[in-house]
Amino acid sequence: MTWSRRRFLGEASVAAGVASVWGCAPEASQDTSGSDRERTHLALGTERRTLQAPGPMVPPVPAILLTIHGAEGDPDEISVLWTFVVNGDPPQIGVSAASEHLARRLLEVHTEFVLNVPTASMVTAFDTVDMNSGRVADKFALAGLTRGRALSVDAPTVEEAPIHCECRTIGSLEVPPMRKIFIAEVIATTAVEGAVDDAGRLIVPRVPFFGMMAGSGEHYTMGERVGNIGMTVGRTDIKY
Ligand SMILES: Cc1cc2nc3c(=O)[nH]c(=O)nc-3n(C[C@H](O)[C@H](O)[C@H](O)COP(=O)(O)O)c2cc1C
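Residues numbered from 1 in each chain as written. Predicted model: local features only at pLDDT ≥ 70, side-chain atom pairs only at ≥ 80, totals over all residues.

For the rest of this paragraph, the subject is unusual backbone geometry. Across the junction of D89 and P90, the peptide omega takes the value 5 degrees, indicating a cis bond. On the secondary structure map, P90 appears in the loop between strand 4 (82–87) and strand 5 (92–98). (Helix = DSSP H or I, 4+ residues; strand = E, 2+ residues; numbered from the N terminus.)

Turning our eyes to something else, we now look at the sheet that holds strand 6 (residues 112–117). Across the sheet, seven strands lie side by side as 3-2-6-9-10-5-4; this open sheet has antiparallel pairing. Here the strands that pair on one side only, and so sit at the sheet edges, are strand 3 (77–80) and strand 4. Neighbour-to-neighbour, the strand axes of the sheet open up by a mean angle of 35 degrees, direction not taken into account. The sheet contact formed by strand 4 and strand 5 spans five bridges and is antiparallel. Along strand 5, the bridge assignment pairs F84 with G94. Strand contacts of helix 5 (residues 102–109): strand 2 (65–68), strand 3, strand 5, strand 6, strand 9 (163–175) and strand 10 (179–191), with the helix running at about 120 degrees to strand 3, the strand carrying the most contacts. (Pairing = 2+ DSSP bridges. Axes fitted to C-alpha atoms, helices over the stretch in contact; angles between N-to-C directions. Contact = placed C-beta atoms within 7 Å.)

Let us look at helix 5. If you check which residues of helix 5 are buried, you get A103, R104, L106 and L107. Looking at the buried positions of helix 5, the neighbouring elements they touch are strand 2, strand 3, strand 5, strand 6, strand 9 and strand 10. (Buried ≥ 20, exposed ≤ 12 C-beta atoms within 10 Å, placed from the backbone.)

The strand order across the open sheet formed by three strands is 1-11-12, and the pairing between neighbours is antiparallel. The sheet is open, and its two edges are formed by strand 1 (61–62) and strand 12 (219–221), each paired on a single side. As judged from the three bridges shared by strand 11 (residues 210–212) and strand 12, these two strands associate in the antiparallel manner. Bridging across to strand 12, G211 finds its partner in Y220.

Every one of the 16 residues lining the ligand counts as a neighbour, but V80, W82, H101, S133 and G134 are closest to it. Going through the elements one at a time, strand 3, strand 5, helix 5 and helix 6 (123–131) are the ones with two or more residues in the shell around the ligand. Counting residues per element, the shell around the ligand draws most heavily on strand 5, at three residues. Across the shell around the ligand, the residue classes break down as nine nonpolar, five polar and two charged. (Near = placed C-beta within 6 Å. Nonpolar A, V, L, I, M, F, W, Y, C, P; charged D, E, K, R; others polar.)

Laid out in structure tokens, this is it:
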């Protein structure tokens, strides 16, 4: 029988689910790694304060290099944009382009682009891309990155990146005061050998990707696997 997530939520005890996620269910205390996590959680303290300034203080957002053709006569563009998953199936992804950046105008002209997932070893090249403008130089050359060609869309790639999501824009949304969100369908995903298993799942420990922290400007690797969707009911087959 195929169960939807909604159905499972309706049938399981929500209280038990919440309790085991927070490490206070009887089963959780028998799990050593769960207890370690519980101790870490308690070490944070319980008093809460409002920070002086509000911020999008969510865990690090995956570092992504967007590649897209340049304007006529200009080099191809490579840029850093906040990126987020919109939907798993059909695969849809969103990027946020600031009005002052070349990528925004290019995303309005070209409907196809690639999201290249860099590894932590590429962080210097990544920062070089961020600290330079395509208006003054070819950022591929500056960052020492190799320009490739996407297989299914008309856009350049960063060959060193182990994963390429080849995208086609399906919609956009102006976000005042200075952003435009572009939503795209992932037309094709390619990965280098060894990065994914036979089922097409990313083998995370083999691909040391990293994330960017809004508000502090720091980059972090993602650390270890701590669980999976449906772990509280013994499910390993759910993905979005
Ligand atoms: C953490 C981080 C997040 C960024 N997010 C965005 C973004 O969402 N949209 C954007 O247009 N630029 C973003 N940037 C900045 C651009 O990547 C960068 O300044 C750009 O490459 C400048 O080149 P350009 O003049 O060719 O546009 C971000 C940079 C960093 C380090």
